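Analysis of the macromolecular model
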Amino acid sequence: MTKITEGVYFIPGQDELIPDSHIYVVGKPSSQDLSLIDAGLIGKGSYKIQSILQDGIDLAAIKRVIMTHTHFDHIGCLSEIQKQIPWAELWVHDLEAEPLEQGDERTVYGMKMFQGMCQMQYGLRPGALTFKVNRKLRGGESLDIGGMVWEIIHIPGHSMGSIGLYHLPKRILIPGDVVYADYAIGRFDLHGADPSELKKSLMRLAERDVDILLPGHNRIVEKLPTGYILKTARQWESYLV
Ligand SMILES: [Zn+2]
Ligand SMILES: [Zn+2]
């Protein structure tokens, strides 16, 4: 794990043919109340658990997994992680929690062709990615996790139930796949995506002061230029209609 700041740790994804999402471990170690933000691609759970153990963290301190959204590259290895940490709760935005519990995998796979490919490549049966959700988030919550306050921001557009986690004191944003480094944004052509919602979500994020951007893929940015998200939104504006 790489320490970003006290209470925020980074485990980079290991992309294969399909990308593997980064995950973040959030919470002050002394709190014994840690959260994983996202899980990753199928088969990519054990190295993440190893990375946590190598840093001397007791798995008992991990109390929950909070999903930025439920795409395959973020939730694919959740069951591997749950085998190691069976007590961890699963927190997902309401709009993706319900399909996830009912085995409606349209959001997980995003498109039919990808579903077929994944099921064939990984031997997944239909409904294999069905999970019980312990807490359904709505956006607007202010959560005390691990001795740190994080605001949950509903930012649909890349997927219906995408959320961002924002920590004001250190101006940290974990936006899932909504906005990345290098003025990139998440794709908006998958099941449940909506370009005009994505634009609104980017504008919502642009209202926050962000110094540290911790996205689901690619580079993380520790000294984000002022106005970065607004500039990104403006660059994409004409596509987001
Ligand atoms: Zn995604
Ligand atoms: Zn992703």
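Before reading further, recall that the structure is shown in the block above.
Residues numbered from 1 in each chain as written. Chains lettered and ligands numbered in written order. Predicted model: local features only at pLDDT ≥ 70, side-chain atom pairs only at ≥ 80, totals over all residues. Heavy atoms only, no water.

For the rest of this paragraph, the subject is the coordination of the zinc ion (ligand 1). Binding of the zinc ion (ligand 1) to the protein goes through His69 (NE2), His71 (ND1), His158 (NE2) and Asp177 (OD), at separations of 2.1 to 2.3 Å. Sequence positions of the donors to the zinc ion (ligand 1) reduce to the motif H-x1-H-x86-H-x18-D. His69 sits in the buried class, given a relative accessible area of 1%. (Donors = N, O, S within 2.8 Å, 3.2 Å for Na, K, Ca; no water. Buried < 20%, exposed > 50% of the residue type's maximum accessible area, 1.4 Å probe, protein only.)

The next subject is the pattern of salt bridges. Per the stated rule, a full pass over the model turns up 15 salt bridges. Linking Lys44 and Glu16 is a salt bridge whose minimum nitrogen-to-oxygen distance equals 2.6 Å. With a gap of 28 residues between them, Lys44 in the loop between β4 (34-37) and α1 (46-54) and Glu16 in the loop between β2 (8-11) and β3 (23-26) connect regions that are remote in the sequence. Residue classification places Glu16 among the partly exposed residues on the basis of a relative accessible area of 48%. Two residues, Glu101 and Lys136, come together in a salt bridge whose shortest N-O distance is 3.0 Å. You can see Glu101 sitting in helix α4 (residues 94-102) and its partner Lys136 sitting in strand β7 (residues 135-137), a full 35 residues away along the chain. Owing to a relative accessible area of 29%, Glu101 belongs among the partly exposed residues under this scheme. Lys136 sits in the partly exposed class, given a relative accessible area of 35%. Members of the salt-bridge network, linked through shared partners, are Glu151, Glu207 and Arg208. (Salt bridge = Lys/Arg side-chain N within 4 Å of Asp/Glu carboxyl O. Helix = DSSP H or I, 4+ residues; strand = E, 2+ residues; numbered from the N terminus.)

The subject of this paragraph is the nonpolar core. If you look at the biggest cluster of nonpolar residues, it comprises 37 residues, and the most contacted ones within it are Phe72 and Leu90. The contact partners of Leu90, leaving out residues within four places of it in the chain, are Val65, Met67, Leu78, Leu100, Phe131, Lys132, Val133, Asn134 and Arg135. Residues Phe10, Trp91, Trp150 and Ile212 belong to the second largest nonpolar core, which totals 21 residues. (Core = buried A, V, L, I, M, F, W, Y, C linked by side-chain atoms within 4.5 Å. Contact = heavy atoms within 4.5 Å.)

Here we come to the pairing of strand β6 (residues 89-93). For β6, the buried fraction is high: 4 of the 5 residues fall into the buried class. Across 3 bridges, the pairing between strand β5 (residues 62-66) and β6 is parallel. Residue pairing for β6: Val65 is matched across the bridge by Leu90. Bridge count for β6 against β7 is 3 bridges, and the pairing is parallel. From the neighbouring strand, Val92 faces β7, where its bridge partner is Lys136. (Pairing = 2+ DSSP bridges.)

The reference angle at a metal is 109.5 degrees if four donors form a tetrahedron and 90 or 180 degrees if six donors form an octahedron. Coordination of the zinc ion (ligand 2) by the protein involves Asp73 (OD), His74 (NE2), Asp177 (OD) and His217 (NE2), with metal-donor separations of 2.0 to 2.1 Å. Because the angles between the 4 donor atoms bound to the zinc ion (ligand 2) fall within 84 to 148°, the donor set is best described as irregular. Between the zinc ion (ligand 2) and the zinc ion (ligand 1), both coordinated by Asp177, there is a metal-metal distance of 3.5 Å. Pair noted here: His74 is in helix α2 (residues 72-75) and His217 is in the loop between β12 (212-213) and α8 (228-236), with a separation of 143 residues, a long-range link. (Tetrahedral: all angles 85-135°; square planar, octahedral: opposite > 155°, others 65-115°.)

Secondary-structure assignment places Ser162 in the loop between β9 (148-154) and β10 (163-167). Here Ser162 falls in the buried class, since its relative accessible area comes to 1%. Within the structure, Ser162 has its side chain in polar contact with the side chain of Ser159 (distance 2.8 Å). Those residues in contact with Ser162 that sit more than four places away from it in its chain are Thr68, His69, Glu96, Ile153, His154, Ile155, Pro156 and Val178. (Polar contact = N/O pair within 3.5 Å; in protein donor to acceptor, adjacent residues only side chain to side chain.)

So yeah, pure geometry; function would need other evidence.
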